[in-house]
Amino acid sequence: MTNLSDQQINFYNEKGYVAPIDVLSIQEANEIREEIEIIEKKWPNALEGLGRNYVHMISPVLNNVCLNNKILDAVESIIGKNILICGTTLFIKNANEKGFVSFHQDAKYIGLEPHNWVTAWIAVTNSNEENGCMRMWPGSHKEDLKNHEQKFDEDNLLTRGQTIENVPIEETDPVILKAGQMSLHHPTVVHGSGLNRSNDRRIGFVVQSYIGSNVDQVLGKIYVQKARGEDNHKFHEYSNVPKSLMAKDDIKSWNKAKDELSKIFYSGATKKGKY
Ligand SMILES: O=C(O)CCC(=O)C(=O)O
């Protein structure tokens, strides 16, 4: 078992995130990048917009990452032993593109209650201040959910451009990860990220999120997979495990899952963004 140490758990409880955690080898991280780039080449628009979500449903390589024991041991330290995978998202910032992520709290629009869940941001490439790594506002998870302005900015990688204004950047911590490392963050910690100013892509494969089996989706429907332990609550429908890359049946389930997710993301919104 590679559970988090007491020190790491205390850090998470105090700051709302913990990093870096070594989970994959550089070869494994490169294998994920190759898989993503194969999909992008063979199916050019598949990972665009809403297609960046639930990619583990059509890729055995990505699905296996979600089931990685080192990741699950760390996650278990935070949410307990009954763990479901409730979704994944690719956060890709290409070299010299304008993408950023405004400061936000994940719990604001995601509909997962209670907050016995944690988000794993797995670095497929290095992630640092030059290429726009995440920044966490330490301790902000201890406060209530904050007001978010809905800005629908073209270059914002968030669905509605949801933005918490006036976050003191100088008080935020950069989450610097090498390819193969991950961070874990709390549902209510305020975080965001800036531009990629490097000449390579910055890729995060994000399990968004690992939930305890006691967590319900109060805004809509999600498709889960069991990662560990028991699902005594059976709140959610199970997704199939992908058979091969982009198998026909898996694509059908993927499309259904993405449609349902879009309803959750835009619940109560009068306008839609590009994701
Ligand atoms: O990848 C990023 O820069 C932000 C990702 C994010 O907001 C999240 O994983 O909750």
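Refer to the preceding data block for the structure.
A brief look at the structure comes next. These numbers were taken from a predicted model, which means no experiment stands behind them. (Residues numbered from 1 in each chain as written. Predicted model: local features only at pLDDT ≥ 70, side-chain atom pairs only at ≥ 80, totals over all residues. Heavy atoms only, no water.)

## Describing the nonpolar core
Turning to step 1, where the next piece is worked out: If you look at the biggest cluster of nonpolar residues, it comprises 56 residues, and the most contacted ones within it are Met182, Leu184, Tyr210 and Trp254.
Turning to step 2, where the next piece is worked out: What Met182 contacts, discounting residues up to four positions off in sequence, is Val18, Ala19, Pro20, Ile21, Val23, Ile71, Ala74, Ala120, Trp121, Ile122 and Leu177.
Turning to step 3, where the next piece is worked out: Counting residues in each nonpolar core, the second largest holds 13 residues, with Trp121, Ala123, Met134 and Met136 among its members. (Core = buried A, V, L, I, M, F, W, Y, C linked by side-chain atoms within 4.5 Å. Buried < 20%, exposed > 50% of the residue type's maximum accessible area, 1.4 Å probe, protein only. Contact = heavy atoms within 4.5 Å.)

## Side note on helix H2 (residues 26-42)
Turning to step 1, where the next piece is worked out: The first and last C-alpha atoms of H2 sit 24 Å apart over 17 residues, in line with the 24 Å expected at 1.5 Å per residue.
Turning to step 2, where the next piece is worked out: By the burial criterion, the buried members of H2 are Ala29, Ile32, Arg33, Glu35, Ile36 and Ile39. Across the axial projection of H2, the buried residues extend over an arc of 155°, all falling on one side. Facing away from the buried surface of H2 by more than 90 degrees, the exposed residues are Gln27, Glu34, Lys41 and Lys42.
Turning to step 3, where the next piece is worked out: Residues of H2 that are buried make contact with helix H3 (60-66), strand E3 (88-93), strand E6 (117-123) and strand E13 (202-212). (Helix = DSSP H or I, 4+ residues; strand = E, 2+ residues; numbered from the N terminus. Expected span 1.5 Å × (residues − 1). Arc of directions from axis to C-beta.)

## Some remarks on helix H6 (residues 248-265)
Turning to step 1, where the next piece is worked out: Along its 18 residues, H6 runs 26 Å from first to last C-alpha, staying within 8% of the 26 Å computed at 1.5 Å per residue.
Turning to step 2, where the next piece is worked out: Of the surrounding secondary structure, the elements contacted by the buried residues of H6 are helix H5 (107-110), strand E14 (216-217) and strand E15 (223-228).

## What about the site of the ligand?
Turning to step 1, where the next piece is worked out: Around the ligand, the surrounding shell holds 13 residues, and the nearest of these are His104, Trp121, His191, Ser193 and Arg202.
Turning to step 2, where the next piece is worked out: One nitrogen or oxygen atom from the side chain of Asp106 is found 3.2 Å from an oxygen atom belonging to the ligand.
Turning to step 3, where the next piece is worked out: In this structure, an oxygen atom belonging to the ligand sits 2.8 Å away from a side-chain N or O atom of Arg202.
Turning to step 4, where the next piece is worked out: Look at the ligand: alone it shows 300 Å² of surface, and the protein chains cover 100% of it.
Turning to step 5, where the next piece is worked out: When residues of the shell around the ligand are traced back to their parent elements, those giving at least two are E3, strand E4 (101-104), strand E12 (190-193) and E13.
Turning to step 6, where the next piece is worked out: With three residues, E13 is the largest single contributor of residues to the shell around the ligand. (Near = heavy atom within 4 Å. Polar contact = N/O pair within 3.5 Å; in protein donor to acceptor, adjacent residues only side chain to side chain. Areas by Shrake-Rupley, 256 points an atom, 1.4 Å probe, with all protein chains shown as cover.)

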